[in-house]
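Observations on the three-dimensional arrangement
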Amino acid sequence: MLKVKNVSAGYEHIPVLFDVSFEIQGGEVVAIVGSNGAGKTTILRTISGILKPMAGEIEFLGERIDNIPAHKIVEKGIAHVPEGRHVFGKMTILDNLLLGAYTLKSQEDIRSVLKEVYDIFPKLKDRENQKAETLSGGEQQMLAIARAMMSKPKLLLVDEMSLGLMPLLVDKVLSILKAISERGVTVLLVEQKVQEALEIADRGYVLQTGRVIAEGTGKALLASERVKRAYLGM
Ligand SMILES: Nc1ncnc2c1ncn2[C@@H]1O[C@H](COP(=O)(O)OP(=O)(O)OP(=O)(O)O)[C@@H](O)[C@H]1O
Ligand SMILES: [Mg+2]
């Protein structure tokens, strides 16, 4: 579904990703894990077209997307849940969700996707007319994911959804991603919480200072000495 080939990217001509390559098959949950500053957010920004790569190519469903604008990439079926949620606190939950549906053309389409999103996140339906700022941090994270789902994505990019959540909630939010993937949406998540992310991922990549240093199934990576020593404190 997605092929990232030898991508370098960065800010103001200073690269922070070096020759990064990875692939995602349709239906997979893939995790990119790494420490602060490794370049995880930069990868997602590059895929969703917010940043243009300095070198390399990105293909989505057989078509190059590294040279088209971000809004066209959304239309092609890639939704990005950014780091830090960015829900609109003064707007209602429903209005936040409807913002995510701006690429859909018909009211009927919007109604049907809203129903599906409420099936996954029933709490949001109960509170649809309340302001988003009344939600807890974990609930706002759910809203951010739900809003991205409103564009009916084929590929969902999720940045650090565990940030600021207590451990119990981290598991809950990650299990929601699993449920979303079971509904046919492919998921790429980036996480500092290496263990939790690799536990739910089919496959993973370890990113260190802008380079992919290991890849494998979630299980294999969790069992690898390198990952255990560097990220799991074992
Ligand atoms: N807008 C920016 N301008 C300049 N440098 C940036 C910018 N955003 C990120 N960087 C730098 O790029 C590198 C990679 O940052 P990135 O945000 O991709 O890391 P990350 O893996 O997402 O980290 P974290 O786990 O803290 O979210 C870091 O050295 C960071 O300082
Ligand atoms: Mg980040």
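Source: prediction; values computed, not measured.

A few points about the site of ligand 1
Near ligand 1 there are 14 residues, and of these Asn36, Gly37, Lys40, Thr41 and Thr42 occur at the shortest range. Note that an oxygen atom of ligand 1 is positioned 2.5 Å from one of the side-chain N or O atoms of threonine 42. Contact with the protein chains covers 62% of the free accessible surface of ligand 1, which is 630 Å². Tallying contributions element by element places helix H1 (residues 40-47) first for the shell around ligand 1, with four residues. A class-by-class count of the residues in the shell around ligand 1 yields three nonpolar, seven polar and four charged.

Quick word on the sheet that holds strand E9 (residues 203-208)
Overall, mixed pairing links the six strands, which are arranged E6-E7-E8-E3-E9-E10 in an open sheet. Strands at the two margins of the open sheet, each flanked by one partner only, are strand E6 (78-81) and strand E10 (211-217). With strand direction ignored, the average angle separating the axes of adjacent strands in the sheet is 15 degrees. Taken together, the five bridges between strand E7 (residues 155-159) and strand E8 (residues 186-191) define a ladder with parallel strand orientation. From the neighbouring strand, leucine 156 faces E8, where its bridge partner is valine 187. Sheet strands touched by helix H7 (residues 167-182): strand E3 (29-33), E7 and E8. Its angle to E8, the strand with the most contacts, is close to 160 degrees.

Concerning the confidence of the model for the chain
The predicted model of the chain averages 93 in pLDDT, with 100% of residues at 70 or higher. Across the chain, strand E4 (residues 55-60) holds the top mean pLDDT of 98, while helix H10 (residues 225-231) sits lowest at 85.

Observations concerning the pattern of salt bridges
The final tally for this structure, using the stated rule, is 14 salt bridges. Glutamate 57 serves as the salt-bridge partner of lysine 5, at 3.9 Å between the closest nitrogen and oxygen. With lysine 5 in strand E1 (residues 2-11) and glutamate 57 in strand E4, this residue pair connects regions lying 52 residues apart in the sequence. Of the residues examined, lysine 5 reaches a relative accessible area of 29% and is grouped as partly exposed. The exposure class of glutamate 57 is partly exposed, given its relative accessible area of 29%. For lysine 123, the salt bridge goes to glutamate 139, with nearest N and O atoms at 3.9 Å. Highlighted residues: lysine 123 in helix H5 (residues 122-126) and glutamate 139 in helix H6 (residues 137-149), separated in sequence by 16 residues.

Conventions we followed
- Residues numbered from 1 in each chain as written.
- Chains lettered and ligands numbered in written order.
- Predicted model: local features only at pLDDT ≥ 70, side-chain atom pairs only at ≥ 80, totals over all residues.
- Heavy atoms only, no water.
- Near = heavy atom within 4 Å.
- Polar contact = N/O pair within 3.5 Å; in protein donor to acceptor, adjacent residues only side chain to side chain.
- Areas by Shrake-Rupley, 256 points an atom, 1.4 Å probe, with all protein chains shown as cover.
- Helix = DSSP H or I, 4+ residues; strand = E, 2+ residues; numbered from the N terminus.
- Nonpolar A, V, L, I, M, F, W, Y, C, P; charged D, E, K, R; others polar.
- Pairing = 2+ DSSP bridges.
- Axes fitted to C-alpha atoms, helices over the stretch in contact; angles between N-to-C directions.
- Contact = heavy atoms within 4.5 Å.
- pLDDT = per-residue confidence, 0-100.
- Salt bridge = Lys/Arg side-chain N within 4 Å of Asp/Glu carboxyl O.
- Buried < 20%, exposed > 50% of the residue type's maximum accessible area, 1.4 Å probe, protein only.

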